[in-house]
Amino acid sequence: VLNSSLAFFINENDSWRAAFVLEAMALVSAKSLGQPENETFNERYAYAKQSLDLRIKSGDTWGMALSYLTLAVLSQEKDRFQEAHRFFRKSLMLRRKLGEDQDGIIDCLLGLSKIEHRMNQLQAALNFAREALVIATELESKGRMTIASDLVTEIMLDMEEKGIS
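Residues numbered from 1 in each chain as written. Predicted model: local features only at pLDDT ≥ 70, side-chain atom pairs only at ≥ 80, totals over all residues. Heavy atoms only, no water.

Before going further, it helps to examine the packing of helix α6 (residues 81-98) against helix α7 (residues 102-118). Where α6 meets α7, the axes come as close as 9 Å, and the angle between the chain directions of the two elements is 155°. The orientation of α6 relative to α7 falls into the category roughly antiparallel. As α6 runs across α7, the sense of the crossing is left-handed. Contacts from Phe-81, Ala-84, His-85, Phe-88, Arg-89, Ser-91, Leu-92, Arg-95 and Arg-96 of α6 reach α7 at Gly-104, Ile-105, Asp-107, Cys-108, Leu-109, Gly-111, Leu-112, Ile-115, Glu-116 and Arg-118. A per-class count over the contact of α6 with α7 returns nine nonpolar, four polar and six charged. (Axes fitted to C-alpha atoms, helices over the stretch in contact; angles between N-to-C directions. Helix = DSSP H or I, 4+ residues; strand = E, 2+ residues; numbered from the N terminus. Parallel < 35°, antiparallel > 145°, perpendicular 65-115°, else oblique. Left-handed = near helix turned anticlockwise from the far one by under 90°. Contact = heavy atoms within 4.5 Å. Nonpolar A, V, L, I, M, F, W, Y, C, P; charged D, E, K, R; others polar.)

Right, let's talk about helix α2 (residues 15-27) for a bit. Between its first and last C-alpha atoms α2 spans 18 Å; for 13 residues at 1.5 Å apiece the expected length is 18 Å, and the two agree. Among the residues making up α2, those that are buried are Ala-18, Ala-19, Val-21, Leu-22, Glu-23, Met-25 and Ala-26. (Expected span 1.5 Å × (residues − 1). Buried < 20%, exposed > 50% of the residue type's maximum accessible area, 1.4 Å probe, protein only.)

A separate point is a nonpolar patch on the surface. A contiguous nonpolar surface patch, about 370 Å² in accessible area, is contributed by Trp-16, Phe-20, Trp-62 and Leu-98. Within the fold, Trp-16 resides in helix α2. (Patch = residues over 30% accessible without salt bridge, like charges linked within 9 Å, V, L, I, M, F, W, Y side chains within 5 Å. Areas by Shrake-Rupley, 256 points an atom, 1.4 Å probe, with all protein chains shown as cover. Salt bridge = Lys/Arg side-chain N within 4 Å of Asp/Glu carboxyl O.)

With that settled, consider α7. Given a rise of 1.5 Å per residue, 17 residues ought to cover 24 Å, and the 24 Å separating the end C-alpha atoms of α7 matches this to within 8%. Of all 17 residues in α7, twelve are buried, a share of seventy percent or more. Among all positions in α7, only Gly-104, Ile-105, Ile-106, Cys-108, Leu-109, Leu-110, Gly-111, Leu-112, Ser-113, Ile-115, Glu-116 and His-117 are buried. Elements that come into contact with the buried residues of α7 comprise α5 (61-77), α6, α8 (122-139) and α9 (142-161). Directly beyond the C-terminal end of α7, a positive phi value near 65° is found at Asn-120.

Scope: geometric values only; no functional claims are made or implied.
Below is the structure:
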């Protein structure tokens, strides 16, 4: 279904919808496709890159932020932390520039926090998680507040265990 939708939108020169379909194709899990993870990752990553290219060509800043977030999530899945960090930062920068999509900003901050945590950069991880928690609290986003709060707690426990204040 997604392939036929993509072909239709490309044929119609509708780059916004084509990019959106590519985004969906990038986020489809290998498990749901019944294929080994390694075989589909490169394909999914390529779809996300194609989506980003279309969004850059059309000047769709919100779409670019979404594509960078998708690339960050895919990179993080494969423990490509430096790459994921770069994509989360780009998405965050664009979202802040637009001044909207606070949920997307929270998602970027949480992603950055998790990467910093995995790379043992605990103070940076804590800073990102706390910022996400502040925004989630302002929005009264209970789900994101819980995620951010749990992450803050986890990082603080790691810091205490390692003697970092």
